[in-house]
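# Structural characterization, general
Spelled out from the first residue to the last, the chains are:
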Amino acid sequence: KAKQALQAAAQRLSAMGRLHDRLAMPRDSAAKVNARNFFERLCDDLQASLGDEHPVQLLPMIESCDVSQRQATVAGHLLSELIDDVNRRSCIGEPVSITVDFTCENDICTLMLIEQRSSSAAALRPNRPLIASLLDRLQGSLEIAETASPTCLIRFPRDHAATASS
């Protein structure tokens, strides 16, 4: 049992290392990345880093579109912070699923998280100063709908460098 616990801890640490690498600010922040590839891998690493006490399942539904690496990284930090908030509010053993939806329509990118759980959810309480700072870097906005399935909606203008050749 101790060996299994150590292996699980090693897997979580490895996932956290990948998250750190993926969310490091890029040297070429104007470079384009495919949103689907970036966010699906990020969701995989976030999922692996959460552990088993809080069974949070991430369900990525990501559109294949080009965004700047800078915007993907900042939006990835937002996603990580919001998922961390859901994880902190979860009761041990309570299953939670989060649909992660990312789309780009015209010049607007939208990142939406929809939380679903069996019990009523506590109010979302993300780290407001950090969220505000990240939103400012994206020139974006955040809407939180406290309904039966709490929803976070983040919108931001797509960098023109990412759309120059799309």
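Read on for a plain summary of the structure.

For the rest of this paragraph, the subject is the overall build of the protein. Along the protein, the regular secondary structure elements total five helices and seven strands. Starting at the N terminus and ending at the C terminus, the protein contains elements arranged as α-β-α-β-β-α-β-β-α-β-β-α. Burial analysis of the protein (166 residues in total) assigns 41% to the buried set. Of the contacts formed within the protein by residues at least 6 apart in sequence, a portion of 72% connects residues at least 24 apart.

In this section: the nonpolar core. Within the largest apolar cluster, 36 residues are counted, with the highest numbers of intra-cluster contacts made by Phe-39, Val-67, Leu-79, Ile-83, Ile-98, Phe-102 and Leu-113. Contributing elements (two or more residues each) for this core: α2 (35-50), β2 (56-62), α3 (69-89), β4 (96-105), β5 (108-117), α4 (128-138) and β7 (151-157). When residues of this core are assigned to their parent elements, the largest contribution, eight residues, is made by α3. Each residue touching Ile-98, except ones within four places of it in the same chain, is listed here: Val-56, Gln-57, Leu-58, Leu-59, Ile-83, Val-86, Leu-113 and Ile-114.

What follows covers the side chain of Thr-110. Within the secondary structure, Thr-110 is located in strand β5. Taking relative accessible area as the criterion, Thr-110 reaches 14% and is therefore assigned buried. Once residues within four sequence positions are removed from consideration, Thr-110 is found in contact with Asp-101, Phe-102, Thr-103, Leu-153, Ile-154 and Arg-155.

Let us look at the pattern of salt bridges. Counted by the stated rule, this structure contains two salt bridges. The residue Glu-143 makes a salt bridge to Arg-155 at a minimum N-O spacing of 2.9 Å. Here Glu-143, found in strand β6 (residues 141-145), pairs with Arg-155, found in strand β7; they are 12 residues apart in sequence, far enough to count as distant. The class of Arg-155 is partly exposed, set by a relative accessible area of 35%.

Conventions we followed
- Residues numbered from 1 in each chain as written.
- Predicted model: local features only at pLDDT ≥ 70, side-chain atom pairs only at ≥ 80, totals over all residues.
- Heavy atoms only, no water.
- Helix = DSSP H or I, 4+ residues; strand = E, 2+ residues; numbered from the N terminus.
- Buried < 20%, exposed > 50% of the residue type's maximum accessible area, 1.4 Å probe, protein only.
- Contact = heavy atoms within 4.5 Å.
- Core = buried A, V, L, I, M, F, W, Y, C linked by side-chain atoms within 4.5 Å.
- Salt bridge = Lys/Arg side-chain N within 4 Å of Asp/Glu carboxyl O.

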